Amino acid sequence: MDQAQIYAKLTSVFRDVLDEDNLALTPETMADDVDGWDSLSHIRLVLAVSKSFGVKFSASEIGGLKNVGEFVELIQKKI
């Protein structure tokens, strides 16, 4: 799976979890950039991404992420 495919799938997951139909993710997107992306929705996002991509993340992996680009790189390493 290439990065474009990961971004497409990830965008779908984010839109569903955050209930934002027009959300567009970029590598630089951070939680502060998206309305409704708080600590609870972050947990829901991680769980939904894990299920959608069939991968598992450690707390330290998730805690170290600074933006969506780093999340995509992590997903790419795991699949």
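Residues numbered from 1 in each chain as written. Predicted model: local features only at pLDDT ≥ 70, side-chain atom pairs only at ≥ 80, totals over all residues. Heavy atoms only, no water.

Draft legend 1. Inspection of a negative patch on the surface at higher detail. Judged by side-chain charge, Asp16, Asp19, Glu20, Asp21 and Asp35 come together as a negatively charged surface patch. By the secondary structure assignment, Asp21 is in the loop between α1 (3–18) and α2 (39–53). On the basis of relative accessible area, Asp21 is assigned to the exposed category, the value being 63%. (Patch = residues over 30% accessible without salt bridge, like charges linked within 9 Å, V, L, I, M, F, W, Y side chains within 5 Å. Areas by Shrake-Rupley, 256 points an atom, 1.4 Å probe, with all protein chains shown as cover. Salt bridge = Lys/Arg side-chain N within 4 Å of Asp/Glu carboxyl O. Lys, Arg positive; Asp, Glu negative; His and termini not counted. Charge placed at Lys NZ, Arg CZ, Asp CG, Glu CD. Helix = DSSP H or I, 4+ residues; strand = E, 2+ residues; numbered from the N terminus. Buried < 20%, exposed > 50% of the residue type's maximum accessible area, 1.4 Å probe, protein only.)

Draft legend 2. Here's a closer look at the side chain of Thr29. Note that Thr29 resides in the loop between α1 and α2. Within the local environment of Thr29, its side chain forms a polar contact with the backbone nitrogen of Thr26, the two atoms lying 2.9 Å apart. (Polar contact = N/O pair within 3.5 Å; in protein donor to acceptor, adjacent residues only side chain to side chain.)

Draft legend 3. How the structure looks around the confidence of the model for the protein. Scored by pLDDT, the protein comes out at a mean of 94, with 100% of its residues at no less than 70. Averaged pLDDT values for the elements of the protein fall to 92 in helix α3 (residues 59–63) and rise to 96 in α1. (pLDDT = per-residue confidence, 0-100.)

Draft legend 4. Representation of the UniProt feature "domain: Carrier" (unreviewed entry) in the protein. UniProt tags residues 1–79 as "domain: Carrier" (unreviewed entry). Taken end to end, residues 1–79 is 59% helix and 0% strand, and its first and last C-alpha atoms sit 8 Å apart. (UniProt positions renumbered as here; feature names shortened; annotations may be inferred.)

Draft legend 5. Quick look at helix α4 (residues 68–78). Residues of α4 that are buried: Val68, Gly69, Phe71, Val72, Leu74 and Ile75. Summarising the contacts, the buried residues of α4 are in contact with α1, α2 and α3. N-capping of α4 is provided by Asn67, with a side-chain oxygen placed 3.1 Å from the backbone N of Gly69. (Contact = heavy atoms within 4.5 Å.)

Draft legend 6. Geometry of the packing of α1 against α4. It is at 10 Å that the axes of α1 and α4 come closest, and there the two elements cross at 115°. Classified by chirality, the crossing of α4 by α1 is right-handed. Facing Gln3, Ile6, Tyr7, Leu10 and Phe14 of α1, the residues of α4 in contact are Val68, Gly69, Phe71, Val72, Glu73, Ile75 and Gln76. Its residues assigned to classes, the contact of α1 with α4 shows eight nonpolar, three polar and one charged. (Axes fitted to C-alpha atoms, helices over the stretch in contact; angles between N-to-C directions. Left-handed = near helix turned anticlockwise from the far one by under 90°. Nonpolar A, V, L, I, M, F, W, Y, C, P; charged D, E, K, R; others polar.)

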